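Each chain is listed here by its residues.
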Amino acid sequence: MDYNALANLLFPDVTAQPEDMENRFPQRELPAGACVTRIGPSPTGFVHLGNLYNALIGERLAHQSGGVFYLRIEDTDNKREVEGAVETVISAMSYFGVNFDEGAVSGGDNGNYGPYRQRQREEIYHVFAKHLVQRGLAYPCFLTAEEIDVIREKQTANKENPGIYGEYAACRDLSIDQVKENISAGKEWVLRYRGVQTDEYIAVEDAVRGKLEMPRNNMDFVLLKSDGIPTYHFAHVVDDHLMRSTHVIRGEEWLSSLPMHVELFGALGWEMPIYCHTATLMKMEGTGKRKLSKRKDPELALSYYQQEGISADSIWEFLLTVLNSNFEEWRIANPDADYRDFPYTLEKMSISGALVDLDKLRNISKDVIGRMTAENVYKNWLSWCEEYDQTFAELIKKYPERTVAALNVGKGGNKPRKDLETWKQACVFMSFYYDETFTVADEMPEECDEETRKLFFAKYLESYDHADDSSAWFDKVKTITDELGFAVKPKDYKKNPDQFKGSIVHITNMLRIALTGRANAPDIHEVSHVLGEDIVRNRIKNWL
Ligand code: GLU
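A brief structural summary. The numbers attached to residues start from 1 for each chain and follow its sequence in the written order. Two thresholds apply to this predicted model, a pLDDT of at least 70 for residue-level local features and 80 or more for giving and counting side-chain atom pairs, whereas whole-chain, interface and lining totals are computed over all residues. In computing side-chain properties, one takes all heavy atoms of the structure into account and sets aside hydrogens as well as water.

A look at the pairing of strand β5 (residues 138–141)
Alright, step 1. Only protein chains enter the calculation, and the probe is 1.4 Å; a residue is then buried if its accessible area is under 20% of its type maximum, exposed if over 50%, and partly exposed in between. For the purposes of this entry, the term helix denotes a DSSP run of H or I that reaches at least four residues, the term strand denotes a run of E that reaches at least two, and both are numbered from the N terminus. Of the two faces of β5, the one carrying Ala-138 and Pro-140 and the one carrying Tyr-139 and Cys-141 are both buried.
Alright, step 2. Two elements, β5 and strand β6 (residues 190–193), share four bridges in a ladder whose sense is antiparallel. Paired with Pro-140 across the strands is Leu-191, a residue of β6. We call two strands paired when DSSP finds no fewer than two bridges between them.

Side note on helix α1 (residues 3–10)
Alright, step 1. For α1, every residue scored as buried is listed here: Leu-6, Ala-7 and Leu-10. The buried residues of α1 occupy an angular sector of 100 degrees when projected down its axis, which confines them to one face.
Alright, step 2. Residue contacts are counted whenever heavy atoms from the two residues lie within 4.5 Å of one another. Where the residues of α1 are buried, they touch α5 (122–134), β5, α7 (176–184) and β6.
Alright, step 3. Nitrogen and oxygen atoms within 3.5 Å of one another constitute a polar contact, given that in protein one can donate a hydrogen and the other can accept it, and given that sequence-neighbouring residues count only through two side-chain atoms. A distance of 3.1 Å separates the backbone nitrogen of Asn-4 from a side-chain oxygen at the start of α1, and that oxygen is part of Asp-2. Directions are taken from the helix axis to each C-beta atom, and the arc is the one they span.

Digging into the sheet that holds strand β2 (residues 68–71)
Alright, step 1. What the four strands build is an open sheet, ordered β1-β2-β3-β4; its pairing is mixed. The sheet terminates laterally at β1 (36–39) and β4 (108–110), the two strands that pair on one side only. Recorded for the sheet is a direction-independent mean angle of 20 degrees between the axes of neighbouring strands.
Alright, step 2. Docked against the sheet, helix α3 (residues 49–64) engages β1 and β2, running at close to 165 degrees with respect to β1. Where helices are involved, their axes are fitted lines through C-alpha atoms of the stretch in contact, as for all axes, and angles between N-to-C directions lie from 0 to 180°.

Points about unusual backbone geometry
Alright, step 1. Looking along the chain, the bond that leaves Gly-114 and enters Pro-115 is cis, with omega of 0 degrees.
Alright, step 2. With respect to the helices and strands, Pro-115 occurs in the loop between β4 and α5.
Alright, step 3. A positive phi is found at Lys-159, a non-glycine position, where the angle reads about 55 degrees.
Alright, step 4. Within the fold, Lys-159 resides in the loop between α6 (145–157) and α7.
Alright, step 5. Classification of Lys-159 as exposed rests on a relative accessible area of 77%.
Alright, step 6. For Arg-244, which is not glycine, the phi dihedral falls at a positive 65 degrees.
Alright, step 7. Here Arg-244 shows up in the loop between α8 (232–242) and β10 (247–251).
Alright, step 8. Using a relative accessible area of 8% as the deciding quantity, one classes Arg-244 as buried.

By themselves, these observations are geometric and do not establish any function.
As structure tokens, this is what we get:
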């Protein structure tokens, strides 16, 4: 067989040589040890928590080492592509503060190793496809879907591995005339790799999993589909070589196709990147773990975290605790440090399934927001509101000073309050600071009947002096408490409940509900000062 003639028949317009591609995408000039990493999401409209998880590893490895982190859009599967999906990926990554040094950007590309969308790289893949044909390592296959079905049935019946290989690879040895005839007859073809029939094993050193031993590929797998678009397998090898990736970080679902990739790197004479196959995201169900499912678990979608208003920093901290077993220890030792200072390593990664625990995420988020200054909370919260809750955005823009003061309540001290978990929950929690959103959500304590309430609030208003400091203010509350026959010391009430109508706890709860609408709220004196005298008086008057 004249492979050159075959290559020219299949790719008449391809004139560039592999060397031209090597020259077009030269080795990167980076310091020794610098990692070049990427994520390669498919634009399906669904951005996975797994995309962010792998992004975080790639970003850390690249930026900790002075390397490059880039975004490549893997759009070879047009059946899965959804309008606007590339923009969705880009905006989700930007929401979570993932910074790419190069790659696809909204409406174009940024960087010298592009295009960064696989469909725009067709001519590049074809250079290498032609080269493989010239060397007898790839061939056109005219098997139809129906013929492949028949083969699969036969293989199932014979308990053989499914696929096109060996005797099943019917088009392996077509003559050039047969190929010409098929093409002139308008038959569709795919380009297949010519697999070697062997029982050999290969060994790959995975940076997360250690040494992997697997049977060498013996399949005639597809390199180019009938429309000339490459499969993931071929595209990934060509791209990661030419874009000079040093590490390929991807989910463990790709482990089974690794032998194809190893085969291709070998056939093309290229050095393999370091593979890092990350653990599948799991969740607890009952006492066992199971894979997160797109259908059952909204938390698998990144949009869930955006809509809930989980701050970018919270999700990073959370993923770092999932990713590196020593992160939590480091965080305790370095409570105020930026998480980017944590020395991230692949060796500390678990391979037994990464557990996504939303309660844990919320707890981490409370700490993260708790550590932010009130001004930063305001800024981040506002930018979330502008996208997801415009009414609230307007409100906090109308009262910026009050809002920052409110966000400062309970901060500092050795046991700072941690009321805020997410931006969405902040809109609920903070709503009592604004008359526009204030509602009374909790019931008044039953110890405080209507008569008590009226008496108390009348006396409270009469004695209220907005200038009182906390202790002067509290002394007045105590005096009224006593006058109304309530115990000033809760333990007195506990000892002799019959002697009192209730205790100061009931009184302050009543007051807290009048001012904030709920029994669980920050310090009344502090809150009153954020609200201002008019609002305080009005809210109390409502009970008279
Ligand atoms: N397009 C692949 C995916 O979405 C990316 C795998 C890779 O990063 O190589 O799973």
